[in-house]
Amino acid sequence: FPAAADGLGSIAIDTTQLNMSVTDPTAWATAMNNLGMVPVGLAGQQLVTDSICVPGFDPSLSMMTGITPINPMIPGMGLVPPPPPTDVPVVKEIIHCKSCTLFPPNPNLPPPSTRERPPGCKTVFVGGLPENATEEIIQEVFEQCGDITAIRKSKKNFCHIRFAEEFMVDKAIYLSGYRMRLGSSTDKKDSGRLHVDFAQARDDFYEWECKQRMLAREERHRRKMEEDRLRPPSPPAIMHYSEHEAALLAEKLKDDSKFSEAITVLLTWIERGEVNRRSANQFYSMVQSANSHVRRLMNEKAAHEQEMEQAKESFKNALTGILTQFEQIVAVFNASTRQKAWDHFSKAQRKNIDIWRKHSEELRNAHSEQLMGIRREEEMEMSDDDSGDNPTKKLRADDSALAAQAYALKEENDSLRWQLDAYRNEVELLKQEKGQHFRTEESLTKDQQLQFLQQTMQGMQQQLLSIQEELNNKKSELEQAKEEQTHTQAMLKVLQEQLKSAKELAEINGHDESQANEINVLTVALVNQDREKNSEKRSPGLKSEKEALLIGIISTFLHVHPFGANIEYLWSYMQQLDSKISANEIEMLLMRLPRMFKQEFTGVGATLEKRWKFCAFEGIKTV
């Protein structure tokens, strides 16, 4: 952590200063004995370096003058030392606070153990706190490590501290092993050995995950930008065919600099199927323009071949000069190896000259083989030219030239004939467009449009007639429903009056409940008879196969229940078979068939209940 390094890097353990005594060793030993710690090897050892303490500073002045001792944990001072190298012993200093004092652990003891650091850790566990330590004292000690966002203190002498940044946790871990004493008390409740360790918190892990996701998003964005930058540009879009674009393309085909771009557009148009009877002449002229570039390309090829021959000649001349120089160098080495000059060289010089000579001979042989290969190729070409001078081969060449000329004339004749046919077709098309044929086509299209409009009008009239019939049927059904509603309301009023009179008679004469039930059954029978009469007048037949299926299922259900069933019970059973059916729909269907189903009232007062019964066996006898 760079910030931690800045905050911790100002102290370095200097072994030359460890013999200088700043504090009183006897006072230090007394303080350690009061805390129950045995001082080991502390005589003459400096606890705080000169870079931290003021030279000649007396700690007792803080009691008299109120001067606060220098605190090595102040963030601005940067007095917390970094983890020292393995070869240098760890020496920690006494840390003075306003409410407490922190005494360092024995330097000869092993360092306190810590758990594995969780990712994004900003929370530490602090154990071994004094029993009388308050949250304010804990904040006073640990806020010197950095900004504290939360402190969760427990009743069992430990707490969790969450810092604002991750590097602050390293400063807090440095305090692990210190003995904390509140004020100058020697009570056990005012002292304790601190154990600071990494803590695993959900908030830290969530913030770390968010940071990792943000870094992953940035990396993906960077890669995408890099891919977009390295992606080759897409080819330009090819315009659609039109006479204007074709004229422009014909001009481009004649230009040598724009030929490659124009030939791509022409190929795309032909592959798209833009060639038709009307545009065939225009496409033919463009194809002819493309063919005119064949001669230009052959001329360019001949020019490049000539340049290649010149380059070969210059290369052969240069190679010959290089080979001559190699021969001279090899001659120098051969002259040096003769006894007249060889005896005057030292052993090392002779070795180097021998190596150089062998290397030069290898290079000379390689270049000479290359030059001989070039000369062999030239001789083969010359032999081909000589063999071409034979009379038979000349005759064959003349015959092939005449055949090529005849083939070219034939192709030109065919192209002219096709062009003439195309002009004739174009003239015929123009005549047809100006003649009566165009008018007849217009009249045919108009007749077809009129027929289509007449058919649509007839279809709309039929739809209107069917809608009117449906509207009339709906009106008749609505009137019937209104009549049924008025009739049922009147019957309800009559029944209510009869029930009231029956109750009054029962109260006056003291009739029992069975007599009241008989009255209810008689009234319901009268209502059912009246409904049967009305339904006979207006009962229509079954409308669909679904209604027939419903009637069959309801009949089977009510036949199994001889004492009848209310409409809710019947609807709950039918809903298992058809979830879309409603209780009102079932009741309307039962009311339409009074000879198959009848309704009875049972009970008195609050126990009054309507039940439907299956009566088809009785109704078929009366038909």
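Residues numbered from 1 in each chain as written. Predicted model: local features only at pLDDT ≥ 70, side-chain atom pairs only at ≥ 80, totals over all residues. Heavy atoms only, no water.

- Going by what an unreviewed UniProt entry lists, the protein is known as ENOX1 protein and is assigned to Crypturellus soui.
- In its Sequence similarities (unreviewed entry) section, the UniProt entry covering the protein states "Belongs to the ENOX family." (UniProt positions renumbered as here; feature names shortened; annotations may be inferred.)

1. Brief notes about the overall build of the protein
No. 1: Broken down by element type, the protein carries 18 helices and ten strands.
No. 2: Counting the 623 residues in the protein, one finds 25% classified as buried. (Helix = DSSP H or I, 4+ residues; strand = E, 2+ residues; numbered from the N terminus. Buried < 20%, exposed > 50% of the residue type's maximum accessible area, 1.4 Å probe, protein only.)

2. With respect to the UniProt feature "coiled-coil region" (unreviewed entry) in the protein
No. 1: Under the UniProt annotation, the feature "coiled-coil region" (unreviewed entry) is placed at residues 287–314 and 406–498.
No. 2: Between the end C-alpha atoms of residues 287–314 there is a gap of 41 Å, over a span that is 100% helix and 0% strand.

3. Brief notes about the sheet that holds strand 7 (residues 191–193)
No. 1: On the basis of which strands lie adjacent, the open sheet formed by four strands has the order 1-2-6-7 and antiparallel pairing. Whereas interior strands pair on both sides, the edge strands pair on one side only; in this sheet they are strand 1 (95–96) and strand 7. (Pairing = 2+ DSSP bridges.)

4. Focus on a negative patch on the surface
No. 1: A cluster of acidic side chains, namely Glu305, Glu309, Glu377 and Glu381, defines a negative patch on the protein surface.
No. 2: Among the elements of the structure, helix 9 (280–336) and helix 11 (347–387) are those that each provide at least two residues to the negative patch.
No. 3: Residue Glu305 is classed as partly exposed on the basis of its relative accessible area of 40%. (Patch = residues over 30% accessible without salt bridge, like charges linked within 9 Å, V, L, I, M, F, W, Y side chains within 5 Å. Areas by Shrake-Rupley, 256 points an atom, 1.4 Å probe, with all protein chains shown as cover. Salt bridge = Lys/Arg side-chain N within 4 Å of Asp/Glu carboxyl O. Lys, Arg positive; Asp, Glu negative; His and termini not counted. Charge placed at Lys NZ, Arg CZ, Asp CG, Glu CD.)

5. Section: the sheet that holds strand 3 (residues 123–127)
No. 1: With antiparallel pairing, four strands are arranged side by side in an open sheet as 4-5-3-8. Looking at the sheet topology across the chains shown, the edges are occupied by strand 4 (148–153) and strand 8 (195–198). Each strand axis lies, on average, 20° off the axis of its neighbour in the sheet, ignoring direction.
No. 2: When strand 4 meets strand 5 (residues 158–163), the two strands line up antiparallel, connected through five bridges. (Axes fitted to C-alpha atoms, helices over the stretch in contact; angles between N-to-C directions.)

6. Let's talk about the packing of aromatic side chains
No. 1: By the definition in use, this model includes ten aromatic pairs.
No. 2: Taken together, the ring pairs connect Tyr241, Trp269 and Phe283 into an aromatic cluster.
No. 3: Directly above the ring of Tyr174 sits Lys92, whose terminal nitrogen or CZ lies 4.8 Å from the centroid.
No. 4: When the ring centre of Phe259 is taken as reference, the NZ or CZ atom of Arg296 above it lies at 5.8 Å. (Phe/Tyr/Trp six-rings, centres within 6.5 Å; stacked < 30°, edge-to-face > 60°. Lys NZ or Arg CZ within 6 Å of the ring centre and 35° of its normal.)

7. Brief notes about a nonpolar patch on the surface
No. 1: A surface patch of nonpolar side chains, amounting to about 360 Å² of accessible area, comprises Leu549, Ile553, Tyr573 and Leu577.
No. 2: For the nonpolar patch, the elements supplying multiple residues, two or more each, are helix 15 (545–560) and helix 16 (567–577).
No. 3: For Leu577, a relative accessible area of 56% corresponds to the exposed category.

8. Observations regarding the packing of helix 16 against helix 17 (residues 583–592)
No. 1: Relative to each other, helix 16 and helix 17 sit at 110°, their axes nearing to 9 Å. As far as their axial angle goes, helix 17 and helix 16 are roughly perpendicular. Seen along the crossing, helix 16 lies across helix 17 with a hand that is right-handed. The segment helix 16 lies against helix 17, with Ile567, Leu570, Trp571 and Met574 engaging Ala583, Ile586, Glu587 and Leu590.
No. 2: For the contact of helix 16 with helix 17, a count of residues per class yields seven nonpolar, no polar and one charged. (Parallel < 35°, antiparallel > 145°, perpendicular 65-115°, else oblique. Left-handed = near helix turned anticlockwise from the far one by under 90°. Contact = heavy atoms within 4.5 Å. Nonpolar A, V, L, I, M, F, W, Y, C, P; charged D, E, K, R; others polar.)

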